[in-house]
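Take a look at the letters that make up each chain.
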Amino acid sequence: MNWIPSTSQILQLVLVGLAWYLYKSWIRPYRLLRKLGLKVPFPKPIVGNLMDYHPAVQHLGQLKNQEKYGRVYGGLFFSIPAIWVSEPNLLKSVCIKNFSNFSDRYSLVNGIEPFGEMLLELKGTDWKRIRNILLPTFSASKLKAIMPFIDKAGDRLVATILKAEQDGQSIDLWRTCGKFTMEVILATAFGIEFESKEHEEKLTNAARGLFEISPGPLQFLLIFAPSLFRVLEPKLGGQFMNSTHYLVKTCKQVIKERRRNMAQGIACRRDILQQMLEAGDSDKLNDKEVVAQALLFLGAGYETTANALAFATHSLATNPEIQQRVFDEISDKLSETDSVDYDSVGDLPYLEMVIAETLRMYPPVFHFNRDIKEDMEIDGLQVSKEAMIGIPVYAIHHDPKIWPEPEQFRPERFTSEEKSKRDPCTYLPFGNGPRNCIGMRLAMVEVKLAIVKILQKVELIVTKETDVPIQLKCGTTLSPANGVHVGFRKR
Ligand code: HEM
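Remember, predicted model here, so these are calculated numbers, not experimental data.

**Q** How would you explain the sheet that holds strand E2 (residues 80-85) if you had to name every residue and give the values?
**A** Pairing in this open sheet of four strands is mixed, and the strands run E1-E2-E6-E3 from one edge to the other. Either end of the sheet is taken by a strand with one partner, and the two such strands are strand E1 (72-77) and strand E3 (368-371). On average, adjacent strands in this sheet sit at an angle of 30° to one another, irrespective of strand direction. Inspection of the sheet shows E3 paired to strand E6 (residues 388-391) by four bridges, in the antiparallel sense. Bridged to Asp371 within E6 is Met388.

**Q** Give a description of helix H8 (residues 217-224) that names residues and reports values.
**A** Listing the buried residues of H8 in full gives Gln219, Leu221, Leu222 and Ile223. Structurally, H8 contributes buried residues whose contacts are with E1, E2, helix H9 (226-235) and helix H10 (240-263).

**Q** Run through helix H7 (residues 197-209), naming residues and quoting values.
**A** Here H7 spans 18 Å end to end across 13 residues, near enough to the 18 Å set by a 1.5 Å rise per residue. The complete set of buried residues in H7 reads His199, Glu200, Leu203, Thr204, Ala206, Ala207 and Gly209. Against the buried residues of H7 lie helix H5 (140-167), helix H6 (173-189), H10 and helix H12 (287-301).

**Q** Quick rundown of the UniProt feature "binding site: heme" (unreviewed entry) in the protein chain? Include the residues and the values.
**A** Summarizing the sequence annotation, UniProt attributes the feature "binding site: heme" (unreviewed entry) to Cys437 in the numbering used throughout. Inspection of the secondary structure puts Cys437 in the loop between helix H18 (416-421) and helix H19 (440-457). Exposure remark for Cys437: the relative accessible area of 32% places this residue in the partly exposed category.

**Q** A description of the environment of Gln293 should follow, citing residues and the corresponding values.
**A** Take Gln293: it is sitting in helix H12. When the C-alpha atoms of Gln293 and Ala189 are compared, they prove to be 8.5 Å apart, with 104 residues separating the residues in sequence. Leaving out residues up to four positions away in the same chain, Gln293 has contacts with Glu117, Met118, Leu119, Ile130, Leu134 and Met276. Looking at Gln293, its side chain comes within polar contact range of the main-chain oxygen of Glu117, at 2.9 Å.

**Q** Can you lay out the packing of helix H4 (residues 124-134) against H12 for me, pointing to particular residues and giving the numbers?
**A** The interhelical angle for the contact between H4 and H12, taken along N-to-C directions, is 75°, at an axis separation of 13 Å. If you check the angle between H4 and H12, you find them roughly perpendicular. Mapping the contact onto sequence places Arg129, Ile130 and Leu134 in H4 and Glu289, Gln293 and Phe297 in H12. Counted by class, the contact of H4 with H12 contains three nonpolar, one polar and two charged residues.

**Q** If you had to explain the site of the ligand to someone new, which residues and values would you point to?
**A** Around the ligand, the structure places 28 residues, and the nearest of them are Arg105, Arg131, Arg370, Arg435 and Cys437. Measuring from an oxygen atom of the ligand, one finds a side-chain N or O atom of Arg370 at 2.7 Å. When residues of the shell around the ligand are traced back to their parent elements, those giving at least two are H4, H12, helix H13 (303-318), E3 and H19.

**Q** Residues and numbers for the side chain of Glu446, please.
**A** Examined against the element boundaries, Glu446 turns out to sit in helix H19. One buried charge, Glu446, has no salt-bridge partner; the nearest side chain with opposite charge is Lys448, at 12 Å. Filtering out sequence-adjacent residues up to four positions away, Glu446 remains in contact with Ile150, Phe180, Thr181, Val184 and Thr305.

**Q** Tell me what's going on with the pattern of salt bridges, and back it up with residues and numbers.
**A** Applying the stated criterion across every chain, the model contains 31 salt bridges. Lys92 is paired through a salt bridge with Asp423; the nearest N and O atoms lie 3.7 Å apart. With Lys92 in helix H3 (residues 88-97) and Asp423 in the loop between H18 and H19, this pair connects stretches of sequence that are 331 residues apart. One salt bridge in this structure joins Arg489 and Glu459, with 3.4 Å as the shortest N-O distance. Linking Arg489 in strand E10 (residues 487-490) with Glu459 in strand E7 (residues 458-461), this pair joins segments that are 30 residues apart in sequence. Several salt bridges share partner residues, and in doing so they unite Lys152, Glu193, Arg258, Arg269 and Asp271 into one network.

Cut-offs used in this document
- Residues numbered from 1 in each chain as written.
- Predicted model: local features only at pLDDT ≥ 70, side-chain atom pairs only at ≥ 80, totals over all residues.
- Heavy atoms only, no water.
- Pairing = 2+ DSSP bridges.
- Helix = DSSP H or I, 4+ residues; strand = E, 2+ residues; numbered from the N terminus.
- Axes fitted to C-alpha atoms, helices over the stretch in contact; angles between N-to-C directions.
- Buried < 20%, exposed > 50% of the residue type's maximum accessible area, 1.4 Å probe, protein only.
- Contact = heavy atoms within 4.5 Å.
- Expected span 1.5 Å × (residues − 1).
- UniProt positions renumbered as here; feature names shortened; annotations may be inferred.
- Polar contact = N/O pair within 3.5 Å; in protein donor to acceptor, adjacent residues only side chain to side chain.
- Parallel < 35°, antiparallel > 145°, perpendicular 65-115°, else oblique.
- Nonpolar A, V, L, I, M, F, W, Y, C, P; charged D, E, K, R; others polar.
- Near = heavy atom within 4 Å.
- Lys, Arg positive; Asp, Glu negative; His and termini not counted.
- Salt bridge = Lys/Arg side-chain N within 4 Å of Asp/Glu carboxyl O.

Below, the structure written as structure tokens:
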């Protein structure tokens, strides 16, 4: 005889299931953090502490939590227990001293192809293998080879600015910087140059759609139910899956063409894509791995670098004496006719300090994380393998005990003397340790070259449209909430 459950039995089952789910995803991780001896703001079911502050101002949430709970506290990222650490000694242990226990990142997008194969998401020996193959790609000599692409994109950036100045038009310099960094990364990592305005827009929109998932239901699905995410996201108007498909297809076409040319002995462009295709002696990257890294470089290198450059231009416009000093340094070291090459942009110490201070005040990557392999105690802090370490970069960079008057823009904080007084783990725009940002040199050279080229032609000035102070917004990265609207005065 078939047993048919009654409505009340079904209801009871649903309630038990719900209670079990809430216990597992809410109470249990909360109790774990409390058991570790951490102060934890009481989380909400499902979202945890994610919505304690509006998602767009997570950077201020970091600061408030640091003020309230100190440099170590707990919180739930959805149901994932996170130990937030901003104490420099502990950070040194996590990122460097005990690296073997914290060598991986907590996986947030590895259920979608090709994200699981990206360096950012890879773990253990798989990460080490790909990182070692890729490292030489970002060496000084290899970056020198791609300088012509960066230089060309820099010329286009300056042409746009000069046209705006001539027409007396206002432009959003943040968007313009985005076009520059997009052009660089597409030309170098994807081996593509824009064929038309339409082509440029299609590629730019697709690249923007990557990693463009803000905290909310879609992010929840992406982390906890990637198969469902794959089906639902495009139907809910998201761009992530469509952008991914388009970019993978585009990259595969370029790789096919390169492989054909290589087989026929036809010389190929010396860009990052080519270096990846040729990288490794006995241990080569296969095409799937190359596509994954090209997409990652696009996602990790476009918006971050654009924001850094846009924040730097805003800081220069709002600090005219500092801008003058940078201009004097550029004029002393480089005549306008000199080509701006890798070595010449590397010899501008004051500009370097200005960029460092920009990245302190406005770190585009305002937090990052480390997975915990085994339970252990580090400098009196008990950590559990069921949790992750969260690193609140914005709060660390605005801690008044480390950076007096943190809201003041002072490049002098980065003289060699001042730097030697501070613990390196108090400044983390590119992370730290063996898992730090592999694209740091490329990003720095892009930002420096663009600033040199801009300042050689125009002075950046504050207009009535300029946001002072600049308003910030958290999405995947920390960006200017209203763009960057500064004026230009031709030199
Ligand atoms: C101003 C621009 C940039 C900033 C602020 C930035 C920041 C960061 C940060 C904070 C991390 C995490 C580091 C850690 O966990 O210790 C990271 C990782 C990474 N970044 Fe960047 N980044 C920038 C530009 C770039 C560029 C231009 C590329 C490549 C073209 C790139 C590629 C990567 C990759 C592949 C990783 C993962 C490294 C690994 O797991 O081994 N980044 N970046």
